[in-house]
Amino acid sequence: MNTQNIAEIVVSVVVAIIGILTPYLANFIKNNKTARTLVDVLPTLAKDAVVAMQKLGVDQYLEGELKKSKAVTFVESALENLGFKSTDATTIKNAVESAYADLVKKGTLSVYTQKTEADVKAETEAEKLAAAKKALADAQATVTTLESASTTSSAATK
């Protein structure tokens, strides 16, 4: 065999290998880019979800676990909207917990005074009291109306 034939064989083999490996390399790079994008986006989404749940907790009473699950759901739907088809639920939960811990440490969440179960009970009692006062006022108005009608009709009969 001469060297020209050997060189042609080596070039042919290298071209064939490159042709076979190129799709795999492209897929690997694409997947790696997706993972990198997820790592870049996930902390921000988790932070936003935690803050949103804290803001929601100002208006209505939410237990901690309910806030966490709603934040995880928020992040999952945001990732779906960004085009991530499948995400690891544990990774998202960990990101939400990490964001919560970070925001607590920075004092960011202390701005949002959370509604407690006692607040909800007090509001319910206040609503009941207001309803009872209104009913009492309506009843007193009815009594006054009836008394004045009774006085008027008894005066008219005399």
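Treat the numbers as computed from the prediction; the structure is a model and nothing was measured.

Remarks on the environment of Phe74
- Within the fold, Phe74 resides in helix α2 (residues 64–81).
- Through-space distance from the C-alpha of Phe74 to that of Lys47 is 11 Å; in sequence the pair is 27 residues apart.
- When residues no more than four places from it in sequence are discounted, the contact partners of Phe74 are Leu45, Asp48 and Ala49.

With respect to the side chain of Lys67
- By the secondary structure assignment, Lys67 is in helix α2.
- For Lys67, which is buried and forms no salt bridge, the nearest opposite charge comes from Glu63, at a distance of 11 Å.
- Within polar-contact distance, the side chain of Lys67 engages the side chain of Gln54 at 3.0 Å.
- Filtering out sequence-adjacent residues up to four positions away, Lys67 remains in contact with Met53, Gln54, Leu62 and Gln114.

Comments concerning helix α3 (residues 89–106)
- Helix length check: α3, at 18 residues, gives a terminal C-alpha distance of 26 Å against a target of 26 Å (1.5 Å per residue), a fit within 8%.
- Within α3, the full set of buried residues consists of Ile92, Ala95, Val96, Ala99 and Leu103. Axial view of α3: buried residues confined to an arc of 100°, hence all on one face.
- Looking at the residues trailing α3, positive phi occurs at Gly107, about 85°.

Digging into the nonpolar core
- Counting residues in hydrophobic clusters, the biggest one holds 19 residues, and the most contacted among them are Leu42, Ala46, Val50, Val75, Leu79, Ile92 and Val96.
- For this core, the secondary structure elements donating two or more residues are α1 (3–59), α2 and α3.
- Per-element tally for this core: the top contributor is α1, with seven residues.
- The residues touching Val50, leaving out its near neighbours within four places in the chain, are Ala71, Val96, Ala99, Tyr100, Leu103 and Leu109.

Conventions we followed
- Residues numbered from 1 in each chain as written.
- Predicted model: local features only at pLDDT ≥ 70, side-chain atom pairs only at ≥ 80, totals over all residues.
- Heavy atoms only, no water.
- Helix = DSSP H or I, 4+ residues; strand = E, 2+ residues; numbered from the N terminus.
- Contact = heavy atoms within 4.5 Å.
- Buried < 20%, exposed > 50% of the residue type's maximum accessible area, 1.4 Å probe, protein only.
- Lys, Arg positive; Asp, Glu negative; His and termini not counted.
- Salt bridge = Lys/Arg side-chain N within 4 Å of Asp/Glu carboxyl O.
- Polar contact = N/O pair within 3.5 Å; in protein donor to acceptor, adjacent residues only side chain to side chain.
- Expected span 1.5 Å × (residues − 1).
- Arc of directions from axis to C-beta.
- Core = buried A, V, L, I, M, F, W, Y, C linked by side-chain atoms within 4.5 Å.

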